[in-house]
Every structure is written in structure tokens, then in C-alpha cells.
Amino acid sequence: MGDRWHIEVDRSVCIGSSQCVNQAPNAFRLDTSRQAHPVDPETDANEKTLEAAEGCPVEAIVITLLGSGEVVFPPEE
Ligand code: SF4
């Protein structure tokens with residue numbers, strides 16, 4: 001892919017289901033209040049992180065392109 005991504009977890013939405021952590025343990029961690037956060041908010045584009053975002057039951061994970069800010073996930077309706 002070659003792109004760089006900015007990863008954000010909307011903590012007002014995250015329900016701590018930990019699916020993203022199971023799916024992409026290198027990309028997400030749960031904190032002590034059982035909310036997810038990105039291990040590194042700036043990362044190379046990668047399939048695992050995208051799958052984790054797709055798998056989040058409440059769409060709390062937002063991926064944008066670093067630089068342009070273009071939304072990678074969730075797809076615009
Ligand atoms: S999958 Fe979504 S709701 Fe579950 S911990 Fe990750 S960000 Fe939070």
C-alpha cells in the first residue's frame with residue numbers, strides 16, 4: 001500500500017470488547033479502564049489494522065491518511 005495512516009479510537013464509543021486487540025495485538029491495547037487505544041497512532045498502512053477497524057462492533061476505530069486526512073475507514077456513506 002505504501003501509505004501512512006493515523007489511527008484513532010473514539011473512546012466515547014469504544015465498549016472495550018477487545019476484538020481489535022485480538023485481531024491486531026501489535027496495533028491496539030486496552031488500557032486500565034478497558035478502552036482501546038492505538039499502540040502507535042501513526043503507522044504504515046496494513047491489513048491487520050484495517051481488519052480490526054472493520055471488526056469493531058461499534059465502529060470506534062477511525063483510520064485517516066496522514067497528511068491529507070482523507071478517511072480510509074469507516075467508508076463514507
Ligand atoms: S473492537 Fe472497538 S469496541 Fe472493541 S475494544 Fe476495540 S475499539 Fe473498543
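Here, every reference points to the structure presented above.
Here goes a summary of the coordinates provided. Source: prediction; values computed, not measured. (Residues numbered from 1 in each chain as written. Predicted model: local features only at pLDDT ≥ 70, side-chain atom pairs only at ≥ 80, totals over all residues.)

Burial in helix 2 (residues 47–55) covers these residues: Thr-49, Ala-52 and Ala-53. Considered in projection along helix 2, the buried side chains sweep an arc of 100° and stay on one side of the axis. Elements that come into contact with the buried residues of helix 2 comprise strand 1 (4–9), helix 1 (19–23), strand 2 (28–30), strand 4 (42–44), strand 5 (61–65) and strand 6 (71–73). (Buried ≥ 20, exposed ≤ 12 C-beta atoms within 10 Å, placed from the backbone. Helix = DSSP H or I, 4+ residues; strand = E, 2+ residues; numbered from the N terminus. Arc of directions from axis to C-beta. Contact = placed C-beta atoms within 7 Å.)

Now for the sheet that holds strand 6. Spatially, 4-1-5-6 is the arrangement adopted by the four strands of the open sheet, whose pairing is antiparallel. At either margin of the open sheet sits one strand with a lone partner, and together these are strand 4 and strand 6. Recorded for the sheet is a direction-independent mean angle of 35° between the axes of neighbouring strands. Packed on one face of the sheet, helix 2 meets strand 1, strand 4, strand 5 and strand 6 and runs near 140° to strand 5. (Pairing = 2+ DSSP bridges. Axes fitted to C-alpha atoms, helices over the stretch in contact; angles between N-to-C directions.)

Tracing the backbone shows Asn-26 in the loop between helix 1 and strand 2. Asn-26 sits 50 residues away from Glu-76 along the chain, and the two C-alpha atoms are 27 Å apart.

Looking now at unusual backbone geometry. With the exception of glycine, the majority of residues adopt a negative phi angle, and the majority of peptide bonds are in the trans configuration. Cis rather than trans, the peptide bond between Phe-73 and Pro-74 has omega equal to -5°. By the secondary structure assignment, Pro-74 is in the segment after strand 6. Positive phi, normally seen in glycine, also occurs at Arg-34, with a value near 55°. Locating Arg-34 in the fold gives a position in the loop between strand 2 and strand 3 (36–38). You will see that Glu-59, though not glycine, has its phi angle at about 50°, which is positive. Within the secondary structure layout, Glu-59 lies in the loop between helix 2 and strand 5.

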